[in-house]
Amino acid sequence: MNGRLCTFLVVLSAGVAAGSWLDGDDGVDRPYGDLPNMPITNMSCSAVASDCAALCAGDSQCVAWAFRKPDCSAGENPLCYLKGKLMEQSYNPAVVSGVKNHQLLSPKFWPLPTASILPQGWLKQQLLTQASGLSGHLSQFWADVSNSSWLGGGADTGLHERTPYWLNGFVPLAYQLQDRSLISMVHKYVDYILAHQSPEGWLGPDDIRDGNAYWSKFPMLLALRQYYEANSSDSRVIPAMLKFLQTAHKRMLQDWPLGNTW
């Protein structure tokens, strides 16, 4: 796996409040690997997924959990399944599940955050050349960026990957140069993308109509990660990325393998 992507996942994990694993993945079931005497049936109708997670946390044999949501109007109380093994997952809208203590290991080395060290000399001159050339002006004349489907436009269709790839380089270029004009352009794209995240959690064009092409989302996540490194006070970014990953996870389980196309 790409080293920057690995570190991005660690950064994402670190950005989520401690204990958020108790919330689980809504719509994801873990139907096998139960501990003996499951499910736990004596939960009140007001119980929530985090109650099941807490039971798992207190059981030394439990490695994962699954919470079947109640239907109180039908007299069905919630069910809690504690798991002794990590088994395959499946999509089930009636279930919330999670893994116990699923923190990622910290890497031995961390990439320097965007704009933590600014370029000088030859390197700065190369970046200035990029900024004054195609990289800094692509959004002014290439429709796949200026009229991108990521901005609600009609260009950059199909995989929707051209704007994400451009932003993946343009974001660090803007912040490494501390160029206000370029940074303003970054905000134009990032603000729109975050403001138009679907209620479900999808970022950008909804590829479910295009065959669930997930590819373009990950260059965009890398661009958002670099933006967040330079704007760590922006509280929108980490929740938006996490919500998207949870949504992508559920969609992959609904339509395996990876939707209709990769």
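Please refer to the structure higher up on the page.
Structural notes, computed from the coordinates. Treat the numbers as computed from the prediction; the structure is a model and nothing was measured.

1. Details of the overall build of the protein
Item 1. Along the protein, the regular secondary structure elements total nine helices and four strands.
Item 2. Ordered by position from N to C terminus, the α and β elements of the protein give α-β-α-β-β-β-α-α-α-α-α-α-α.
Item 3. If you take every contact in the protein between residues at least 6 apart in sequence, the share linking residues at least 24 apart comes to 73%.

2. Describing the sheet that holds strand 1 (residues 25-29)
Two orientations exist for strands paired in a sheet by backbone hydrogen bonds: parallel and antiparallel.
Item 1. Read from one edge of the open sheet, four strands run 1-4-2-3, paired in antiparallel fashion. Each end of this open sheet is capped by a strand with a single partner; those strands are strand 1 and strand 3 (79-83). Strand-to-strand twist in this sheet, taken as the mean axis angle between neighbours without regard to direction, amounts to 45 degrees.
Item 2. The pairing of strand 2 (residues 64-68) with strand 4 (residues 90-99) spans five bridges and is classified as antiparallel. Its bridge partner being in strand 4, F67 is matched across the sheet by V96.
Item 3. Lying on the sheet, helix 2 (residues 49-57) is in contact with strand 2, strand 3 and strand 4; it crosses strand 2 at an angle near 150 degrees.
Item 4. Packing against the sheet, helix 9 (residues 237-254) makes contact with strand 1 and strand 4, and its axis sits at approximately 25 degrees to strand 1.

3. Examining the packing of helix 4 (residues 134-141) against helix 6 (residues 162-177)
Item 1. Where helix 4 contacts helix 6, the two axes come as close as 10 Å, and the packing angle between them is 125 degrees. By the angle between their directions, the pair helix 4 and helix 6 is classed as oblique. Of the two possible hands of crossing, helix 4 and helix 6 adopt the one that is left-handed. Residues S135, G136, L138 and S139 of helix 4 form the contact with helix 6, whose own contacting residues are W166, F170 and L173.
Item 2. Considered class by class, the residues forming the contact of helix 4 with helix 6 number four nonpolar, three polar and no charged.

4. Quick word on helix 2
Item 1. Taken together, the buried positions of helix 2 are A49, C52, A53 and C56. Projected onto a plane normal to the axis of helix 2, the buried residues spread over an arc of 100 degrees and lie on a single side.
Item 2. Buried residues in helix 2 make contact with strand 2, strand 3 and strand 4.

5. Quick word on helix 6
Item 1. Over its 16 residues, helix 6 runs 23 Å from end to end, which matches the ideal 22 Å to within 8%, given 1.5 Å per residue.
Item 2. Taking the largest bend as the criterion, helix 6 deviates by roughly 25 degrees, centred on N168, and proline P172 comes between one and four positions later.
Item 3. In terms of residue burial, helix 6 counts as a mostly covered element, since 12 of its 16 residues are buried.
Item 4. Burial in helix 6 covers these residues: T163, P164, W166, L167, F170, V171, P172, L173, A174, Y175, Q176 and L177.
Item 5. In this structure, the buried side of helix 6 is in contact with helix 3 (121-132), helix 4, helix 5 (143-146), helix 7 (180-195) and helix 8 (217-230).
Item 6. Positive backbone phi, approximately 55 degrees, marks Q178, located one or two places after helix 6.

6. Notes on the nonpolar core
Item 1. L167, V186 and L224 are the most contacted members of the largest nonpolar core, which totals 38 residues.
Item 2. Contributions of two or more residues to this core are made by helix 3, helix 6, helix 7, helix 8 and helix 9.
Item 3. What V186 contacts, discounting residues up to four positions off in sequence, is F170, V171, A174, Y175 and Y227.
Item 4. Judged by nonpolar contacts, the second largest core, of 14 residues, contains L35, A53, F67 and L82.

7. Remarks on a nonpolar patch on the surface
Item 1. On the surface, L134, F141 and W142 cluster together to form a nonpolar patch covering roughly 340 Å² of accessible area.
Item 2. The residue W142 is located in the loop between helix 4 and helix 5 in this model.

8. Notes on the state of the cysteines
Item 1. Inspection of every chain in the model, using the stated rule, returns three disulfides.
Item 2. For C56, the disulfide goes to C62, at an S-S distance of 2.1 Å. As the torsion about the S-S bond is roughly -100 degrees, the C56-C62 disulfide counts as left-handed. Both residues of the pair, C56 and C62, count as buried.
Item 3. What connects to what in the protein, once the bonded cysteines are numbered by sequence position, is 1-5, 2-6, 3-4.

9. Overview of the packing of aromatic side chains
Item 1. The final tally for this structure, using the stated rule, is six aromatic pairs.
Item 2. Judged by centre distance (4.4 Å) and plane angle (25 degrees), the ring pair of W166 and F170 falls under stacked. Remark: F170 and W166 occur in helix 6; sequence separation between them is four residues, near one turn of the helix. Taken individually, W166 and F170 each receive the classification buried, so the pair is uniform in this respect.
Item 3. Here the aromatic cluster, defined as three or more aromatic residues joined through ring pairs, consists of W202, Y214, F218 and F244.
Item 4. Above the face of the W202 ring, R251 is positioned so that its terminal group lies 4.0 Å from the ring centre.

Definitions and cut-offs
- Per chain, residue numbering runs from 1 following the sequence as it is written.
- Since the coordinates come from a predicted model, pLDDT governs what is reported: local features require at least 70, and pairs of side-chain atoms require 80 or more to be given and counted, while whole-chain, interface and lining totals use all residues.
- The side-chain quantities take in all heavy atoms of the structure and omit both hydrogens and water.
- Counting from the N terminus, the helices are DSSP H or I runs at least four residues long and the strands are E runs at least two residues long.
- Any two residues having at least one pair of non-hydrogen atoms within 4.5 Å are treated as being in contact.
- Strands qualify as paired when DSSP identifies two bridges or more between them.
- To define axes, lines are fitted to C-alpha atoms, for helices over the stretch in contact only, and angles between the resulting N-to-C directions are given on a 0 to 180 degree scale.
- The labels follow the angle: roughly parallel below 35 degrees, roughly antiparallel above 145, roughly perpendicular from 65 to 115, and oblique for the rest.
- Two helices cross in a left-handed way if the nearer one is turned anticlockwise from the farther one by less than a right angle. They cross in a right-handed way if the turn is clockwise.
- In this count, Pro and Cys sit with the nonpolar residues alongside Ala, Val, Leu, Ile, Met, Phe, Trp and Tyr, while Asp, Glu, Lys and Arg are called charged and the others, Gly among them, polar.
- The cut-offs for exposure are 20% and 50% of the maximum accessible area for each residue type, with area from a 1.4 Å probe on protein chains only; residues under the lower value are buried, those over the upper are exposed, and the others partly exposed.
- Within this analysis, the arc is defined by the directions that extend from the helix axis to the C-beta atoms.
- Here the expected span of a helix is defined as 1.5 Å times the quantity of residues minus one.
- Fitting axes to the seven residues ending at a residue and to the seven starting there, one defines the bend at that residue as the angle between these axes.
- Take the buried Ala, Val, Leu, Ile, Met, Phe, Trp, Tyr and Cys residues and link them wherever side-chain atoms come within 4.5 Å; each set so joined is a nonpolar core.
- Two joining distances apply to patches: 9 Å for like charges and 5 Å for nonpolar side chains (Val, Leu, Ile, Met, Phe, Trp, Tyr), and every residue must have over 30% relative accessible area and no salt bridge.
- Using a 1.4 Å probe, the Shrake-Rupley method yields the accessible areas, and only the shown protein chains count as cover for residues.
- Here, a salt bridge means any Lys or Arg side-chain nitrogen found within 4 Å of an Asp or Glu carboxyl oxygen.
- What counts as a disulfide here is a pair of cysteine sulfur atoms lying within 2.5 Å.
- The criterion for an aromatic pair is that two Phe, Tyr or Trp rings (for Trp, the six-membered ring) have centres within 6.5 Å, with stacked assigned to planes under 30 degrees apart, edge-to-face to planes over 60 apart and tilted to the rest.
- Counting as a charge over the ring demands two things of the Lys NZ or Arg CZ atom: a distance within 6 Å of the ring centre and an angle within 35 degrees of the ring normal.

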